[in-house]
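One-letter residues, chain by chain:
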Amino acid sequence: MMLANDLDTPAVTIRLDIMEDNIRRVQQHLDRHGIANRPHIKTHKVPELGKLQMQAGAIGITCQKLGEVEVFTNAGVADDVLLTFNVLGRAKTERLMALAARVRRLAVVLDNEVVARGLSEGGVRHGVDVRFLIECDTGFGRNGVQTPDAALDLARVALKLPRLAFEGLMTFPNRDPETREFFTRALELFKRAGIPVPVVSGGGTPSLFRAQEIPMLTEHRAGTYIFNDVMVVASGTATWDNCAMRVRATVVSRPMSTRAVIDAGTKVLTSDQYTVKGYGHVLEYPEAAITNLSEEHGIVDLSQCRERPAVGDVVHVIPNHCCVVSNMVDEMYGVRGERVETVWPVAARGTVR
Ligand SMILES: Cc1ncc(COP(=O)(O)O)c(C=O)c1O
């Protein structure tokens, strides 16, 4: 039996009881409101965890990269997959077509005509109908058609192309009221045009428990909720007690009374600050601030701490953004109480294509 306290550092650990509670609570919330749960697996990249989400009641999974779809399909996680990224170029289109033959329902999103044409040509080459949702930018300022009229225009263009099957609209993240207003208008336009919109897909963890306030959503895609992190706590959607991922790190130096250095830098915690300050929350020293990172060093300011760690002490850091941390390590450790119950290879780690 391996004990959590014996794990060498740095190590990415997951508190199983917290993670299981996150999976259960979120599924229950969406079930209660009749919104299908389509968790985004980019957060963990571990097929075993995708299986737990499916067993808890998810209708399918969301992937951001074709490589994730391949790994999760090979592991038999889900027969209903949404790929939320514009697929461009021959190499990726061929991989998508190969996957479409293996998954009962594989849908993609698109927000422009170039992608639509490439998918249509791929569908024709392979004799495959490509299911797609139109990505709408409802306030985030990333991909997505900019107006409800543009969504309808793109749907009309795409519907004229062979082998494309329109299934609905998608956004990330849900924003209130912008997302509701956008979709209300878009659904009116599609209705008037006689085009059914079976799926309206929303997403994001911070907005998760208010997804029902956008009543047209048929499904919700959250990823971060499985572990939670500083960003989610800062958004008010979770507490530290809901954070399952902790980076176990050793204090390797105390060069001055107000400074500790831990053995986790950007190559574990990453430099992603996302929406928050600093580089993580030190559970044992909540007044400490991780102010700076080198690749392998985490600089911790202890000036606000009455108790201070010694060289050799181990601390646990809740990262700013858990989704990028999973991608940094070969394995994550599932911990229950004192014990390491499971070691998961991060099977889809590095699948950036
Ligand atoms: C398209 C899309 N859907 C869903 C999600 C999940 O959001 P969250 O990680 O906030 O749960 C993301 C996250 O980046 C995303 O990009």
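Residues numbered from 1 in each chain as written. Predicted model: local features only at pLDDT ≥ 70, side-chain atom pairs only at ≥ 80, totals over all residues. Heavy atoms only, no water.

Draft legend 1. Geometry of the pairing of strand β5 (residues 105–110). In terms of burial, β5 is a largely internal element, six of the six residues being buried. Residues R105, A107 and V109 of β5 are buried on one face, and the alternating residues L106, V108 and L110, pointing to the opposite face, are buried as well. Where strand β4 (residues 80–83) meets β5, four bridges bridge the pair, whose relative direction is parallel. From the neighbouring strand, D80 faces β5, where its bridge partner is R105. Crossover handedness for the path β4 to helix α4 (residues 90–100) to β5: right-handed. Pairing geometry for β5 and strand β6 (residues 130–136), over four bridges, is parallel. Its bridge partner being in β6, L110 is matched across the sheet by I134. Taken together, β5, helix α5 (residues 113–126) and β6 form a β-α-β motif whose crossover is right-handed. (Buried < 20%, exposed > 50% of the residue type's maximum accessible area, 1.4 Å probe, protein only. Helix = DSSP H or I, 4+ residues; strand = E, 2+ residues; numbered from the N terminus. Pairing = 2+ DSSP bridges. Right-handed = clockwise from strand over helix to strand, strands pointing away.)

Draft legend 2. Inspection of the packing of aromatic side chains at higher detail. Under the criterion given, the structure shown has four aromatic pairs. Measuring from ring centre to ring centre gives 6.2 Å for F182 and F183, while their planes differ by 85°; the resulting arrangement is edge-to-face. In terms of burial, F182 and F183 fall into one category: buried. Joined through ring pairs, the aromatic side chains of F132, F166 and F190 make up one cluster. (Phe/Tyr/Trp six-rings, centres within 6.5 Å; stacked < 30°, edge-to-face > 60°.)

Draft legend 3. Examining the packing of helix α3 (residues 66–74) against α4 more closely. Viewed as axis vectors pointing N to C, α3 and α4 meet at an angle of 25°, and their least axial separation amounts to 10 Å. It follows from the interaxial angle that α3 and α4 lie roughly parallel. Both α3 and α4 take part in a crossing whose hand is left-handed. Seen from α3, the contacting residues are L66, G67, V69, E70 and T73; seen from α4, they are K92, R95, L96 and L99. For the contact of α3 with α4, the class distribution of residues is four nonpolar, two polar and three charged. (Axes fitted to C-alpha atoms, helices over the stretch in contact; angles between N-to-C directions. Parallel < 35°, antiparallel > 145°, perpendicular 65-115°, else oblique. Left-handed = near helix turned anticlockwise from the far one by under 90°. Contact = heavy atoms within 4.5 Å. Nonpolar A, V, L, I, M, F, W, Y, C, P; charged D, E, K, R; others polar.)

Draft legend 4. Spotlight on α4. Taken together, the buried positions of α4 are T93, L96, M97 and L99. Buried residues of α4 fall within an arc of 160° about the axis and therefore sit on the same side. Opposite the packed face of α4, turned more than 90 degrees from it, sit the exposed residues R90 and A91. (Arc of directions from axis to C-beta.)

Draft legend 5. Structural detail: the environment of N74. The topology assignment puts N74 in helix α3. Each C-alpha atom of the pair N74 and P47 lies 9.3 Å from the other, and the pair is 27 residues apart in sequence.

Draft legend 6. Up close: the side chain of D111. Looking at the secondary structure, you find D111 in the loop between β5 and α5. Here D111 is buried and forms no salt bridge, its nearest opposite-charge partner R142 lying at an N-O distance of 9.0 Å. One polar contact links D111 to N86, side chain to side chain, over a distance of 2.8 Å. Within the structure, the side chain of D111 is placed 2.9 Å from the side chain of N112, a separation counted as a polar contact. (Lys, Arg positive; Asp, Glu negative; His and termini not counted. Salt bridge = Lys/Arg side-chain N within 4 Å of Asp/Glu carboxyl O. Polar contact = N/O pair within 3.5 Å; in protein donor to acceptor, adjacent residues only side chain to side chain.)

Draft legend 7. Region of interest: the packing of helix α1 (residues 16–32) against helix α2 (residues 47–55). At a minimum axis separation of 10 Å, α1 and α2 run at an interaxial angle of 40°. Taken together, the axes of α1 and α2 are oblique relative to one another. Crossing angle aside, the handedness with which α1 passes α2 is right-handed. Only L49, L52 and Q53 of α2 make contact with α1, whose side of the interface consists of M19, I23 and Q27. A class-by-class count of the residues in the contact of α1 with α2 yields four nonpolar, two polar and no charged.

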